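# Residue-level structural notes
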Amino acid sequence: MEINYKLPFYQYVKKAYKPLQLAIEDAVELIIGNPEIGESKVGDLVGIRVYKFRFNRQECLIAYRCLLASSDKDSIKKLDILTIDFYQVGSHQNFYYALKRYLRRE
């Protein structure tokens with residue numbers, strides 16, 4: 001499995017202070033362990049999942065997308081996760097607006 005961090009995600013984590021960086025790292029490890037943990041979005045954000053966690057009484061969100069590949073082993077369909085792209089992390093304020101803007105430019 002390959003993990004990709006997009007520029008908005010990387011910049012936010014780089015500017016965040018150390019305790020928040022560690023909380024984000026823990027959340028990313030949870031997502032890697034179970035990619036289905038986030039809530040699937042609909043509409044403009046189809047395919048994007050958002051995982052919510054709390055840090056210092058503030059809700060933080062992580063937007064990511066799993067790219068899947070199907071494999072037929074012994075006639076049993078199985079989905080394998082090839083990559084996880086982490087798009088954005090931040091508080092709820094303007095989170096979805098900024099995410100939509102980034103995805104349109106990409």
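Just so it is clear, the structure is predicted and the values come from calculations on it, not from any experiment. Each chain carries its own residue numbering, running from 1 in the direction its sequence is written. In view of the model being predicted, local features appear only for residues whose pLDDT reaches at least 70, and side-chain atom pairs are presented and counted only at 80 or more, with totals across whole chains, interfaces and linings using the full set of residues. Heavy atoms throughout the structure, all of them, feed into the side-chain values; hydrogens and water do not.

As a further point, take the nonpolar core. Here, nonpolar core refers to any group of buried Ala, Val, Leu, Ile, Met, Phe, Trp, Tyr and Cys residues whose side-chain atoms link them within 4.5 Å. Residue exposure (1.4 Å probe, protein chains only): buried if accessible area is under 20% of the type maximum, exposed if over 50%, otherwise partly exposed. Core analysis: the largest hydrophobic core is formed by 19 residues, its most contacted members being Phe9, Ile24, Phe53, Ile62, Tyr64 and Phe86. Strands are runs of DSSP state E lasting at least 2 residues, helices are runs of H or I lasting at least 4, and numbering of each runs from the N terminus. Only helix 1 (7–15), helix 2 (18–33), strand 3 (49–55), strand 4 (58–73) and strand 5 (76–91) provide two or more residues apiece to this core. At six residues, helix 2 tops the list of elements feeding residues into this core. Ranked by size, the runner-up nonpolar core spans 11 residues in total, among them Val50, Leu61, Phe95 and Tyr96.

This part is about unusual backbone geometry. The backbone phi angle of Asn56 is positive, close to 50 degrees, even though this residue is not glycine. Mapped onto the secondary structure, Asn56 falls in the loop between strand 3 and strand 4. Residue classification places Asn56 among the exposed residues on the basis of a relative accessible area of 57%. Residue Asn94 is not a glycine yet carries a positive backbone phi of 60 degrees. In this structure, Asn94 sits in the loop between strand 5 and helix 3 (95–105).

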